[in-house]
Amino acid sequence: MSKLGQVVESIEKYNKFVLDQVKRARTDEKFGRELLGRWTDIKAKIPVTRTPTGLPLPRLALPEIDEPGEIARCLFAEGLPGEFPFLNGAYREMYLEPIREVESYEKNGEPVAAGVSPANRLKKQPARLPLQEEPTRLFSGLMLAEDTNERFHYLTQHQRTHRLSTAFDGPTLYGIDSDADGVFGKIGEGGVAIDTVEDMVRLYDGFDLGSPNFSASMTISGPAPIIMAMYIAAAKRRFGPKVVPKLRGTIQADIFKEVQAQNETIFPIEASLRFLTDMVEFTTREMPRWYPISISGYHIGEAGSTPVQQAAYTLSNGFAYAEMFAARGIPVDQFGPRLSFFLDCGLDVEYIALARVSRRIWAIGMRDVFGAGPRAQLFKLHTQTSGRSLIAAEFKNNLTRTAAELMLAYMNATNSCHSNSADEPFTTPSEEWIRLAAHGQAILLEESGIFKHTMNMLSGSPGMKAVERSVEAAILNEFREIERLGGVLAAVEDRYQRSQIQNAAHRYEQQIYDGVRPIIGLNRYRNGADDIPEVKLARTPRKKQQLQVDRLAKFKKKNSEKAKRTLDKLADVVERGENCFPMLLEAAEVCSLGQITGRLQEVVGRFRPMV
C-alpha cells in the first residue's frame, strides 16, 4: 500500500476514533465530566469584544451545547481554531482586529474601548495592540519589470504589509528568452517578461525584500528553480548575502498540476521533480521563512475539474511531494511547515466547506502517516476567486460573483486571498477594476463586521456539516482510485487526472449550454444586447518589447565568457547527480533564463506530453 492508501486508512481510523470518543463521553461518566469541565473552562476564557454599536460578542463563537457526546464530537472531529484537526482554522485567531480597535458605548453613553484596563479607561486611552497582517495578496504582471513594479507600488500604497504575487508572460513560463525565434509578440503579454537577474532587480525595486512585512509569491512552475535562483541573486545584489535567510514568500513550482492541467512543463517529469527537490532541500536548510512549493489546485479547477477533483488531486499531489522529500532524507518537520497550498473558490456548493475538509484531511494524514508534528500538519492555504466563473456577457456582474466567492473563501478560513477583477474576461486587469477587486476584500474584512469581531462566525451550520461529510467521502473515493492505479505518479502517467478533468470540463460547458447550470446574463436573464463593451486592452508596445530584447542582448554580451564556463559547471553537476541548486544560484548571476533552460534540456531532455 502506498502512502496515499495509508492516508485513506488514517482518515477512516480517525473518524472511528471520533465516534468512539462520542460514545465514551456518553457512557463513561468520569470522561464525560472531564470533557464538560474542559468545555466550560474554554468558554470562560474566551475574551469579549464590542462592536461599534456596543454589542458584546465573544472572540470565538462556540455551539451552545452541554451534552458530553456533542462536546466530544466538536473537540475531536473539528477542533478549535488552531487545534488538531484544524477544520475551523489553521490558527487560533484569523482576520480579527485587535480588541482595542473599535470604541463602543456602554449603557450610560460613556465611550469605552473593549478590552481596556480600568486604569486606561480612566485616562480614556485604549490599550494599543499590534495590527495583524492582512490576508489580502495582490496579484500583477504586465509588460516589462518596471511596469509591473509600478503596478505593485500602486496596489500596496494603502497596505500595511506588502504581499505581492507575480504573473509571468508566456516565454518566461516556458523558460524561453525574449530573443528566441517566434516569441517577440508575446513579450510582456499576460504577465511580466523576466529574462535575467537584472530584470528581477527591476521587478521588486523599492521593496525591502528582507522585511518581515514583505512577501513575494511567484506563479511559475516549469522553470521555478531557475526563477527562484534569480530572485535570491537579485536580493543579494540589493541587500547582501545576509538577506537570504530573511526572504519570505513562495514559488509555485508544482510539476504534478502542470502535467495534470496546465501544460507548462519544460523538463521530463523525473528531472523536473529532481530539480524541485534540489530547490526544496536548499531552501529548507537556508531559508526558513520561504515556502518552496505552492501545491496548486487553482489551475486544476480552472482547467475544468469539479471542486472535489480539485481538492483530491491537490491533496494527493501534496502527499506525493511529502513522500518524495522524505525519501531525499529531509525531515518531515523541516519541510512540512514550508509546504503551502492554493485553491480556487467558485460558486458551487462544495466551496462552502472544501478548504475546511482539505485542512482536516491534510492534518490527519501528515500526523498519522508521515509522523509530522503540529507545525507540519497545517494546511496553509492561499485562495483565489474563480477566473472560470468570470463571464464576458454583462461583465459587471462579475463584481457580485467575486464578492460571493470571497465570502466563501473567508468562511473557510483561508490564510491569504486574491480577488479577481471583473474585466479579466477581456484583458489584463486595469487599475480601476483591480482597485475595485482589492476593495472587495477590504469591505468584507474591514468595513463589515462579519469576520473582524468573532472567529467561527459562520461555521458549523447543519448545511455546512452535511457538505463537509459528503465532500470528505468523495475525496477519499478519488484517493482510492488513484491508489488503485498505483499512486499519483502512476496515475499521472496513465493520464487519469487529466482525463477526469477534461470530462468534468465538458460536462460543465454542456450544463451551461443546456441551461442546467444558470449563468446570469449569459443563459438566464439576458437583456438581449450582444454588444461587446468598450474595454481598453492592455498590450505591450512594440517599443517596450524591443527594449527587452536589447537589454537581454547587452546582458549576454557582457557575461558571455562567464556564462559559458558556468553552464559547463552546471551541466557537470547535473550529470553527476548532485544537488544542482547551488550551481543555479551561480548561473543566475551571469546567465539568462533561456540559456540555463537550454543547457539543462541538453542534459536531461525535454518534456514530451503523454499520448
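See the structure above.
Residues numbered from 1 in each chain as written. Predicted model: local features only at pLDDT ≥ 70, side-chain atom pairs only at ≥ 80, totals over all residues. Heavy atoms only, no water.

Peer 1: Before we move on, could you go through the overall build of the protein and cite the residues and values that matter?
Peer 2: For the protein, the count of helices and strands is 23 helices and 13 strands. Taken against the 2.2 N^0.38 rule, which gives 25 Å for 611 residues, the C-alpha radius of gyration of the protein at 25 Å falls within 12% of a compact globule. Projected onto its principal axes, the C-alpha coordinates of the protein cover approximately 75 × 60 × 60 Å. Contacts spanning at least 24 positions in sequence make up 77% of the contacts within the protein whose residues lie at least 6 apart. For the protein, the computed accessible surface area is about 26300 Å², with 53% contributed by carbon and sulfur atoms. A gap of 4 Å separates the mean positions of the 78 positive and 77 negative side-chain charges of the protein. (Helix = DSSP H or I, 4+ residues; strand = E, 2+ residues; numbered from the N terminus. Rg over C-alpha atoms; globule rule 2.2 N^0.38 Å. Contact = heavy atoms within 4.5 Å. Areas by Shrake-Rupley, 256 points an atom, 1.4 Å probe, with all protein chains shown as cover. Lys, Arg positive; Asp, Glu negative; His and termini not counted. Charge placed at Lys NZ, Arg CZ, Asp CG, Glu CD.)

Peer 1: Before we move on, can you summarise the environment of L96 with the specific residues and values?
Peer 2: As for its position among the elements, L96 is in the loop between α3 (68–78) and β3 (103–105). Residues L96 and G449, 353 residues apart in the sequence, show an inter-C-alpha distance of 9.7 Å.

Peer 1: Just give me the short version of the state of the cysteines, but keep the residues and values in it.
Peer 2: Across all of its chains, the model carries zero disulfides by this definition. Between C591, a free cysteine, and C580, which holds the nearest cysteine sulfur, the sulfur-to-sulfur gap is 13 Å. (Disulfide = S-S within 2.5 Å.)

Peer 1: Before we move on, can you summarise the sheet that holds strand β8 (residues 249–251) with the specific residues and values?
Peer 2: Taken together, the five strands give an open sheet; going across it, the order is β5-β6-β7-β8-β9, and neighbouring strands pair in parallel fashion. With partners counted over all chains shown, the strands left at the sheet margins are β5 (138–140) and β9 (290–291), one partner each. Inspection of the sheet shows β8 paired to β9 by two bridges, in the parallel sense. Note on β9: the bridge partner recorded for T250 is Y291. (Pairing = 2+ DSSP bridges.)

Peer 1: Account for the nonpolar core, with residues named and values stated.
Peer 2: Ranked by internal contacts, the top residues of the largest apolar core, which has 157 residues, are Y204, Y231 and F479. For F479, the residues in contact, after removing those within four places along its chain, are L4, V7, V8, A312, L315, S316, F319 and I361. (Core = buried A, V, L, I, M, F, W, Y, C linked by side-chain atoms within 4.5 Å. Buried < 20%, exposed > 50% of the residue type's maximum accessible area, 1.4 Å probe, protein only.)

Peer 1: So what's going on with empty space enclosed by the protein? Residues and values would help.
Peer 2: Counted by the stated rule, this structure contains five cavities of 30 Å³ or more. Its boundaries defined by the atoms lining it, the largest cavity holds a volume of some 120 Å³. Lining the largest cavity are 13 residues, with Y410, F451, N456, M457 and S459 sitting closest to its centre. Here the lining of the largest cavity is composed, by residue class, of nine nonpolar, four polar and no charged. (1 Å grid on protein atoms, 1.4 Å probe; cavity = no way out; pocket = protein on both sides within 12 Å on 5 of 7 lines; lining within 4 Å. Points joined across faces, edges and corners; volume = space filled by probe spheres on them. Nonpolar A, V, L, I, M, F, W, Y, C, P; charged D, E, K, R; others polar.)

Peer 1: Tell me about the sheet that holds strand β13 (residues 416–418), and name the residues and values.
Peer 2: Picture the strands of a sheet paired through backbone hydrogen bonds; they go either parallel or antiparallel. Taking strand neighbours across the sheet as the criterion, the four strands line up as β10-β11-β12-β13 in an open arrangement whose pairing is parallel. Of all the strands in the sheet, the pair left with one neighbour each is β10 (293–296) and β13. Within this sheet the neighbouring strands show an average axis-to-axis angle of 25°, counted without direction. In the sheet, β10 pairs with strand β11 (residues 339–345) via four bridges, with the strands oriented parallel. Residue pairing in the sheet places S294 in a bridge with S340 of β11. (Axes fitted to C-alpha atoms, helices over the stretch in contact; angles between N-to-C directions.)

Peer 1: Quick rundown of the layout of surface pockets? Include the residues and the values.
Peer 2: Computed from the structure, the second largest pocket encloses a volume of approximately 720 Å³. Lining the second largest pocket are 26 residues, and of these R73, A77, E78, K465 and E468 sit closest to its centre. Only α1 (3–27), α3, α14 (354–368) and α17 (462–484) provide two or more residues apiece to the lining of the second largest pocket.

Peer 1: Give me the lowdown on helix α22 (residues 581–590), citing residues and values where you can.
Peer 2: In terms of residue burial, α22 counts as a mostly covered element, since seven of its ten residues are buried. Along α22, the residues that are buried comprise F581, M583, L584, L585, A587, A588 and V590. Structurally, α22 contributes buried residues whose contacts are with α7 (197–203), α8 (224–239), α10 (269–286), α20 (542–558), α21 (560–576) and α23 (593–604).

Peer 1: Run through the pattern of salt bridges, naming residues and quoting values.
Peer 2: Counted under the stated rule, the structure contains 37 salt bridges. A salt bridge links R26 to E67, with the shortest nitrogen-to-oxygen separation between them at 3.2 Å. Of this pair, R26 sits in helix α1 while E67 sits in the loop between β2 (56–58) and α3, and the two are 41 residues apart along the sequence. Linked by salt bridges that have partners in common, R26, E67, E70 and R73 make up one network. (Salt bridge = Lys/Arg side-chain N within 4 Å of Asp/Glu carboxyl O.)

Peer 1: Break down the side chain of T385 for me, with residues and values.
Peer 2: Relative to the helices and strands, T385 is located in strand β12 (residues 381–385). Residues contacting T385, with those up to four places away along its chain left out, are Y298, C345, T402, E405, L406, H418, S419 and N420.

Peer 1: Could you give an account of unusual backbone geometry, naming the residues involved and the relevant values?
Peer 2: A cis amide bond links F84 with the next residue in sequence, P85, at an omega value of 0°. By the element assignment, P85 lies in the loop between α3 and β3. Of note, the phi angle at R495 is positive, near 60°, even though the residue is not glycine. Topologically, R495 is positioned in the loop between α18 (488–493) and α19 (496–514). For R495, a relative accessible area of 26% gives the class partly exposed.

Peer 1: Can you break down the environment of P292 residue by residue, with the values?
Peer 2: Position of P292 relative to the elements: it lies in the loop between β9 and β10. For P292, a relative accessible area of 2% translates into the label buried. When the C-alpha positions of P292 and W362 are compared, they lie 18 Å apart, and in sequence the two are 70 residues distant. If we skip the residues at most four places from it in the chain, P292 touches I251, A253, L276, M279, V280, T283 and R338.

Peer 1: So what's going on with the packing of helix α12 (residues 307–328) against α17? Which residues, and what values?
Peer 2: Two numbers describe a pair of packed helices, the interaxial angle and the distance between the axes. Relative to each other, α12 and α17 sit at 55°, their axes nearing to 9 Å. It follows that α12 is oblique to α17 by the angle criterion. Of the two elements, α12 crosses α17, and the hand of that crossing is right-handed. Contacts between α12 and α17 involve V308, Q309, A311, A312, Y313, L315, S316 and F319 from the former and A474, I475, E478, F479 and I482 from the latter. Split by residue class, the contact of α12 with α17 holds ten nonpolar, two polar and one charged. (Parallel < 35°, antiparallel > 145°, perpendicular 65-115°, else oblique. Left-handed = near helix turned anticlockwise from the far one by under 90°.)

Peer 1: Kindly report on the side chain of R59, identifying the contributing residues and their values.
Peer 2: Along the chain, the position of R59 falls in the loop between β2 and α3. Within polar-contact distance, the side chain of R59 engages the backbone oxygen of E97 at 2.7 Å. If we skip the residues at most four places from it in the chain, R59 touches I46, P47, T49, E93, L96, E97, P98, I99, K452, H453, T454 and M455. (Polar contact = N/O pair within 3.5 Å; in protein donor to acceptor, adjacent residues only side chain to side chain.)

Peer 1: Run through the packing of α10 against α22, naming residues and quoting values.
Peer 2: The geometry of α10 relative to α22 is characterised by a closest axis approach of 9 Å and an angle of 90° between their N-to-C directions. The angle between the axes of α10 and α22 places the two elements in the roughly perpendicular class. In contact with D278, M279 and F282 of α10, α22 contributes F581, P582 and L585. Along the lines of polarity and charge, the residues of the contact of α10 with α22 split into five nonpolar, no polar and one charged.

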